[in-house]
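Descriptive analysis of the structure
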Amino acid sequence: LARIQLLRQQHDQLKEKATQLDEIEIKLRRVQDENESIATLLSEAQTIASKEREQRIELEKDSDEVSAQKADYEISMVAMRHKVARVEEEMKNLRSERNRFSGLFDEVISAMNME
């Protein structure tokens, strides 16, 4: 009888340990599921970070290109200002020549009228 009670007690203990093992297994599965979720989120975060890095690199390239275009534009504007200044100087010289020739022409006409 004592042996039976001991066996029952051991059986109950084994049942309790089996229940505890089941609970541990359930918790372990939850932890594994959470780890998988975390791994998925981490992978998504890495993908997003990679895309952001690529976009930042692309924006830097675009920014560099815009800066180069701006520098080219500024150089062109300086060259255009120099050309405008040369044209204005040439126009001034041409007006001066015109006035000088106009004066000479007036003198020739006056001289012809006097003759």
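Here the structure is shown first, and the text comes after it.
The shown structure was predicted, so the numbers you read here are calculated from the model rather than taken from an experiment.

**Here we look at the overall build of the protein**
What the protein contains, in helices and strands, is one helix and zero strands. For the protein, the C-alpha radius of gyration of 49 Å lies well beyond 13 Å, the compact-globule estimate for 115 residues. In terms of its C-alpha atoms, the protein occupies a principal-axis envelope of roughly 165 × 15 × 10 Å. Within the protein, the proportion of its 115 residues that are buried is 0%. Accessible area for the protein stands at about 11,000 Å²; split by element, carbon and sulfur atoms hold 57% of it. Charged side chains in the protein number 19 positive and 25 negative. The centres of these two groups are separated by 8 Å.

**What to know about a negative patch on the surface**
Taken together, the side chains of Glu58, Glu60, Asp62, Asp64 and Glu65 make up a negatively charged region of the molecular surface. As for its placement among the helices and strands, Glu65 is situated in helix α1 (residues 2-114).

**Considering the pattern of salt bridges**
Between side chains of opposite charge, a pair can form as their charged atoms come close. Under the criterion given, the structure shown has two salt bridges. Between Glu25 and Arg29 there is a salt bridge; the shortest N-O distance is 2.6 Å. Of this pair, Glu25 and Arg29 are both found in helix α1, four residues apart, which corresponds to roughly one turn of the helix. Look at Glu25 and you get partly exposed, because its relative accessible area is 39%.

Definitions and limits used
Residues numbered from 1 in each chain as written. Predicted model: local features only at pLDDT ≥ 70, side-chain atom pairs only at ≥ 80, totals over all residues. Heavy atoms only, no water. Helix = DSSP H or I, 4+ residues; strand = E, 2+ residues; numbered from the N terminus. Rg over C-alpha atoms; globule rule 2.2 N^0.38 Å. Buried < 20%, exposed > 50% of the residue type's maximum accessible area, 1.4 Å probe, protein only. Areas by Shrake-Rupley, 256 points an atom, 1.4 Å probe, with all protein chains shown as cover. Lys, Arg positive; Asp, Glu negative; His and termini not counted. Charge placed at Lys NZ, Arg CZ, Asp CG, Glu CD. Patch = residues over 30% accessible without salt bridge, like charges linked within 9 Å, V, L, I, M, F, W, Y side chains within 5 Å. Salt bridge = Lys/Arg side-chain N within 4 Å of Asp/Glu carboxyl O.

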